[in-house]
Amino acid sequence: TVHPALVHASQLLGSLLWRVHTKTVVTVINEDIEIGAVLNSLGNPPDPITLVIVYGLLAWYNLYLRQVDLGRDYLAKAAQVILSRNMMVIPPWMNDVLAIEEPDDDVKEYVTVVGQYVYKNKVAHMVLGLPSHLNEEYDQQVKSLTVRASGRRFRIPSAHKAFQFMQPWLAKHSVVL
């Protein structure tokens, strides 16, 4: 099942996008209600991956509205979840699985969510000048994702190129990586 915090966070972003698209302020009330619902639903904490997703969405929402302090706080909360559970982009036990076969949906979600957070953290650091919440090890993990091209295995040489060599499932399902 989908945790209510994720549903309310999605509705929150939908309201924001609708407000921007239609240039109305009517949905601001809906957004306030949804923020309250997201925070209330976190009283029953979701699994760590869902929690990172929700905090990431709340960070994006607040940063978009130029509420930088609040956005930074949500980025920090997501980082705290990642660091406290020692979540890696690709934990050592997954290396062999990713090199041999396409992983199951849970593994795909895990790799994508942690990778997307690394990206958000990096962008917030570079563009907004916010402090990084993760160390360089996480950047290296994203860069070292095993990739395939023409049946051969490659390593991503830099974060700026080689996306065409990404594992097909990751390139297809991850907007950020």
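That block above? That's the structure.
Below, the structure is looked at part by part.

## So, the packing of aromatic side chains
Evaluated as defined, the whole model comprises two aromatic pairs. When the ring of Trp60 is compared with that of Tyr64, the centres are 5.7 Å apart and the planes differ by 20°; the resulting orientation is stacked. Here Trp60 and its partner Tyr64 are both found in helix α3 (residues 48-64), four residues apart, which amounts to about one turn of the helix. Assessed through its relative accessible area of 41%, Tyr64 is described here as partly exposed.

## Notes on helix α7 (residues 136-143)
Along α7, the positions that sit buried rather than exposed are Tyr138, Asp139, Gln141 and Val142. Around the axis of α7, the buried residues are gathered within 155° of arc, so they sit on the same side. You can read the cap of α7 off the contacts: a side-chain oxygen lies 3.0 Å from the backbone nitrogen of Glu137, and it is on Asn135.

## Some remarks on a nonpolar patch on the surface
A cluster of nonpolar side chains, namely Tyr119, Val123, Met126, Val127 and Leu128, defines an oily patch on the protein surface of about 500 Å² accessible area. Here Val123 shows up in helix α6 (residues 105-128). In this structure Val123 comes out as partly exposed when scored by relative accessible area, which is 31%.

## Brief notes about the pattern of salt bridges
Throughout the structure, instances matching the rule amount to five salt bridges. One salt bridge connects Glu31 with Arg19, and the closest N-O pair in it is separated by 2.8 Å. Of this pair, Glu31 sits in helix α2 (residues 27-41) while Arg19 sits in helix α1 (residues 4-22), and the two are 12 residues apart along the sequence. Of the two residues, Glu31 and Arg19, neither departs from the other in class, the shared state being buried. With its nearest N and O atoms 3.7 Å apart, the salt bridge here joins Glu136 to Lys122. Here Glu136, found in helix α7, pairs with Lys122, found in helix α6; they are 14 residues apart in sequence, far enough to count as distant. By relative accessible area, which is 48% here, Glu136 ends up partly exposed. Residue Lys122 is classed as partly exposed on the basis of its relative accessible area of 27%. Here the residues in one salt-bridge network are Lys122, Glu136 and Asp139, joined through shared partners.

Each value, and the rule that gives it
Residues numbered from 1 in each chain as written. Predicted model: local features only at pLDDT ≥ 70, side-chain atom pairs only at ≥ 80, totals over all residues. Heavy atoms only, no water. Phe/Tyr/Trp six-rings, centres within 6.5 Å; stacked < 30°, edge-to-face > 60°. Helix = DSSP H or I, 4+ residues; strand = E, 2+ residues; numbered from the N terminus. Buried < 20%, exposed > 50% of the residue type's maximum accessible area, 1.4 Å probe, protein only. Arc of directions from axis to C-beta. Polar contact = N/O pair within 3.5 Å; in protein donor to acceptor, adjacent residues only side chain to side chain. Patch = residues over 30% accessible without salt bridge, like charges linked within 9 Å, V, L, I, M, F, W, Y side chains within 5 Å. Areas by Shrake-Rupley, 256 points an atom, 1.4 Å probe, with all protein chains shown as cover. Salt bridge = Lys/Arg side-chain N within 4 Å of Asp/Glu carboxyl O.

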